[in-house]
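# Chains, contacts and geometry: an overview
This is what each chain is made of:
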Amino acid sequence: MHVETTDVVAVAVALSTIYLLKRLRQRLPPGPGSSGGLFGIPKQLPAGEPWKAFLAWSKKFGPVISFYLGWTPVVVINTARDASELLDRRGEIYSSRPRSVIGQQILTGNMRGLTMEYGDRWKRWRKLQHTGMGGKSAQAYRHFQSLEDEDVVIENSNAMKAFNTTQIPGKYLADSWPILLWLPKSLQWFRWDLDKRRELDIKLYVGCLRNVERKMVEGTAKECMSTRILNLAAAGGTEGASEVEMAYAVCSPFSAGIGTVAASLEVFLLAMVHNPACASKAQAELDSVVGRARMPDFSDEPILPYVHALVKEVMRWRPIAPTGIPHAVTQDDYYNGLFIPKDATVFANICAICQDPDLFPDAEAFRPDRFLDTQDSRLIDFNIPFGFGRRICPGQDVAVQSLFIIIARMLWAFDISVGTDEGGSPVLPDTSAFVPGLVRKPLPFRVNVAPRTEDVAKLIAIAASDAEIELEAWN
Ligand code: HEM
């Protein structure tokens with residue numbers, strides 16, 4: 001039988017059209033539809049803080065909503081129950097990341113775990129993360145977290161700045177049109193700067209890892225995530241991860257951990273300025289448990305329930321990762337009669353979930369006690385700000401430890417109050433004014449931080465100089 005090429009093309013077009021129409025007729029979760037942008041399809045997320053638009057839409061359309069971003073279906077989950085059902089229980093298919101041509105493929109050569117698609121490489125990377133951060137490994141950092149905490153740090157933050165600028169949906173043509181990768185490399189204008197940055201990143205990360213390797217050979221290395229991973233590699237336990245993969249893995253806590261904890265501390269200050277009664281209650285607990293002769297330590301943690309609850313409330317009241325990091329679905333799925341197509345991007349609206357009235361009555365109020373007077377395991381083991389399912393933040397134990405020790409010590413040492421302007425009048429900051437982003441932080445505000453007693457300054461100075469000596473050994 002003779003078949004013309006045109007016949008084959010016609011059949012292929014017809015079949016794809018039937019397939020597309022069939023998919024489009026399936027009932028996607030309700031949503032605002034598509035308005036604006038090219039052919040009525042929005043190219044970018046709602047401006048400013050998208051979680052607010054998502055929350056408003058969910059009040060109108062229901063807890064799970066959808067819309068199109070370019071040609072990609074986007075699903076947003078707005079309650080803890082639905083997030084847990086989809087992202088935790090169905091983790092096998094909800095644990096990928098949306099394809100990122102610019103930020104992941106080109107800038108990092110698919111090495112950065114945060115935005116890596118689900119698969120064997122991600123599983124290898126994640127195993128390496130647990131070597132350095134999970135459970136017991138996190139506890140091993142406690143001593144260093146209680147010490148007072150530069151070229152490497154600056155270069156690393158440059159690497160992160162470059163990565164963050166690529167994480168704006170719709171910003172790059174090549175993210176929406178991956179077909180551009182078929183152009184000869186010399187014509188792919190969008191990769192010229194990124195290729196140079198990737199080379200610098202690899203040099204930096206591999207350089208750090210080799211530095212530790214050299215110290216291990218000399219016998220001067222201290223145990224850390226790098227030594228553990230290098231030992232694991234030597235014992236054949238890294239499943240063939242390349243040197244570059246390992247180098248990116250050990251450097252990811254740097255990038256994912258610094259800005260997030262710093263932003264949470266700014267939220268803490270904002271909360272204290274507005275809620276002096278909570279600060280006083282925590283200070284009373286600290287004074288009765290720790291006394292005034294020494295600073296609080298990790299050993300005090302089990303007997304400082306209010307401080308612990310205050311840390312949780314800081315993270316709940318104003319989550320710093322408002323919509324988490326988007327997941328992607330790897331198979332078609334149905335949920336409560338709604339169709340969630342393969343490759344849909346899925347956001348958990350963490351800010352909305354943290355205001356869920358069923359879980360957090362009077363959610364706008366800053367009330368640490370909500371975590372004490374409860375039998376609800378979702379509050380006792382509260383970790384919603386760290387995301388969901390298999391992609392849940394691997395650094396959550398490290399983060400909570402950092403926040404606990406810094407917040408406990410700040411409250412023990414200082415009175416925190418509203419700042420004043422040049423004329424001496426108090427300036428109460430807006431509790432909803434944030435610098436938007438994947439990780440957000442409060443807009444700059446004035447705050448007054450004063451030592452609670454004269455002895456405090458002396459105690460801190462002694463502790464700081466001891467810590468400096470100890471940290472010197474890590475240089
Ligand atoms: C208050 C501090 C922090 C918050 C609120 C936070 C929040 C998050 C969130 C929401 C995600 C995405 C989870 C998901 O996809 O469902 C995430 C991922 C991640 N976080 Fe954190 N994080 C914090 C601190 C840290 C620290 C200190 C580290 C490292 C020491 C870290 C390392 C990571 C990494 C490597 C990922 C990517 C995980 C993956 O894609 O598999 N984070 N974090």
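These figures come from a predicted structure and were not determined experimentally.

Scanning the chain from terminus to terminus reveals 18 helices and ten strands. The buried share among the 475 residues of the chain stands at 45%. With the model as given, the accessible surface of the chain reaches about 23,900 Å², and the carbon-plus-sulfur share is 59%.

We now examine empty space enclosed by the protein. Size it by volume and the largest cavity reaches roughly 30 Å³. Lining the largest cavity are Met116, Arg121, Trp125, Leu128 and Glu245. With three residues, helix α5 (residues 120-133) is the single largest residue contributor to the lining of the largest cavity. Grouping the constituent residues of the lining of the largest cavity by class yields three nonpolar, no polar and two charged.

The subject of this paragraph is the site of the ligand. Contacts to the ligand come from 26 residues, most closely from Arg97, Arg126, His327, Phe388 and Cys393. Interatomic distance of 3.0 Å between a backbone N/O atom of Phe388 and an oxygen atom of the ligand. Secondary-structure elements contributing two or more residues to the shell around the ligand are α5 and α12 (243-274). Here the element with the most residues in the shell around the ligand is α12; it accounts for five residues.

Take α5 next. Helical periodicity: at 3.6 residues per turn, an α-helix aligns residues three or four positions apart in one direction. The terminal C-alpha atoms of α5 lie 20 Å apart, and with 14 residues this matches the ideal 20 Å at 1.5 Å per residue to within 8%. Taken residue by residue, α5 has Trp122, Arg124, Trp125, Arg126, Leu128, Gln129, Thr131, Gly132 and Met133 as its buried positions. Structurally, α5 contributes buried residues whose contacts are with α6 (135-140), α11 (225-234), α12 and α17 (396-413). Taken from the residues just after α5, Gly135 is the one with a positive phi, measuring 35°.

Across the six residues of strand β2 (residues 72-77), five count as buried, placing the element largely inside the fold. Bridging between strand β1 (residues 64-69) and β2 involves six bridges; their strand directions are antiparallel. Looking across to β2, one finds that Leu69 is bridged to Thr72. Turn length for the β1-β2 hairpin, with the two strands adjacent in sequence and antiparallel, is two residues, and the turn residue Gly70 shows positive phi of about 60°.

For the pair α5 and α11, the least separation of the axes is 8 Å and the interaxial angle reads 130°. Here α5 lies oblique to α11, going by the angle between them. The handedness of the crossing between α5 and α11 comes out as right-handed. Mapping the contact onto sequence places Leu128, Gln129, Thr131 and Gly132 in α5 and Met225, Arg228, Ile229 and Leu232 in α11. Here the residues of the contact of α5 with α11 sort into four nonpolar, three polar and one charged.

This brings us to the UniProt feature "binding site: heme" (unreviewed entry) in the chain. As annotated by UniProt and renumbered to match this structure, "binding site: heme" (unreviewed entry) occupies Cys393. Among the structural elements, Cys393 can be located in the loop between α16 (377-380) and α17. Beyond its immediate sequence surroundings of up to four residues, Cys393 is in contact with Arg126 and Phe386.

On the secondary structure map, Lys312 appears in helix α14 (residues 305-317). Buried charge without a partner: Lys312 forms no salt bridge, and the closest opposite charge is Asp381, 6.5 Å away. Among the polar contacts made by the side chain of Lys312, one reaches the main-chain carbonyl oxygen of Leu379 at a distance of 3.3 Å. The contacts of Lys312, once residues within four sequence positions are left out, are Phe371, Leu379, Ile380 and Phe382.

Of the positions making up α11, those classed as buried are Met225, Ser226, Thr227, Arg228, Ile229 and Leu230. In this structure, the buried side of α11 is in contact with α5, α6, α10 (192-218) and α12. Remark: Gly236 follows α11 within two positions and exhibits a positive phi of approximately 75°.

Time to look at the packing of α11 against α12. Following both chains from N to C, one finds α11 and α12 inclined at 155°, their axes separated by 10 Å at the closest point. Looking at the two axes, α11 sits roughly antiparallel to α12. Handedness of the crossing formed by α11 with α12: right-handed. Touching Met225, Ser226, Ile229 and Ala233 of α11 are Met246, Ala249, Val250 and Pro253, all from α12. Broken down by class, the residue content of the contact of α11 with α12 amounts to seven nonpolar, one polar and no charged.

About the thresholds
Residues numbered from 1 in each chain as written. Predicted model: local features only at pLDDT ≥ 70, side-chain atom pairs only at ≥ 80, totals over all residues. Heavy atoms only, no water. Helix = DSSP H or I, 4+ residues; strand = E, 2+ residues; numbered from the N terminus. Buried < 20%, exposed > 50% of the residue type's maximum accessible area, 1.4 Å probe, protein only. Areas by Shrake-Rupley, 256 points an atom, 1.4 Å probe, with all protein chains shown as cover. 1 Å grid on protein atoms, 1.4 Å probe; cavity = no way out; pocket = protein on both sides within 12 Å on 5 of 7 lines; lining within 4 Å. Points joined across faces, edges and corners; volume = space filled by probe spheres on them. Nonpolar A, V, L, I, M, F, W, Y, C, P; charged D, E, K, R; others polar. Near = heavy atom within 4 Å. Polar contact = N/O pair within 3.5 Å; in protein donor to acceptor, adjacent residues only side chain to side chain. Expected span 1.5 Å × (residues − 1). Contact = heavy atoms within 4.5 Å. Pairing = 2+ DSSP bridges. Axes fitted to C-alpha atoms, helices over the stretch in contact; angles between N-to-C directions. Parallel < 35°, antiparallel > 145°, perpendicular 65-115°, else oblique. Left-handed = near helix turned anticlockwise from the far one by under 90°. UniProt positions renumbered as here; feature names shortened; annotations may be inferred. Lys, Arg positive; Asp, Glu negative; His and termini not counted. Salt bridge = Lys/Arg side-chain N within 4 Å of Asp/Glu carboxyl O.

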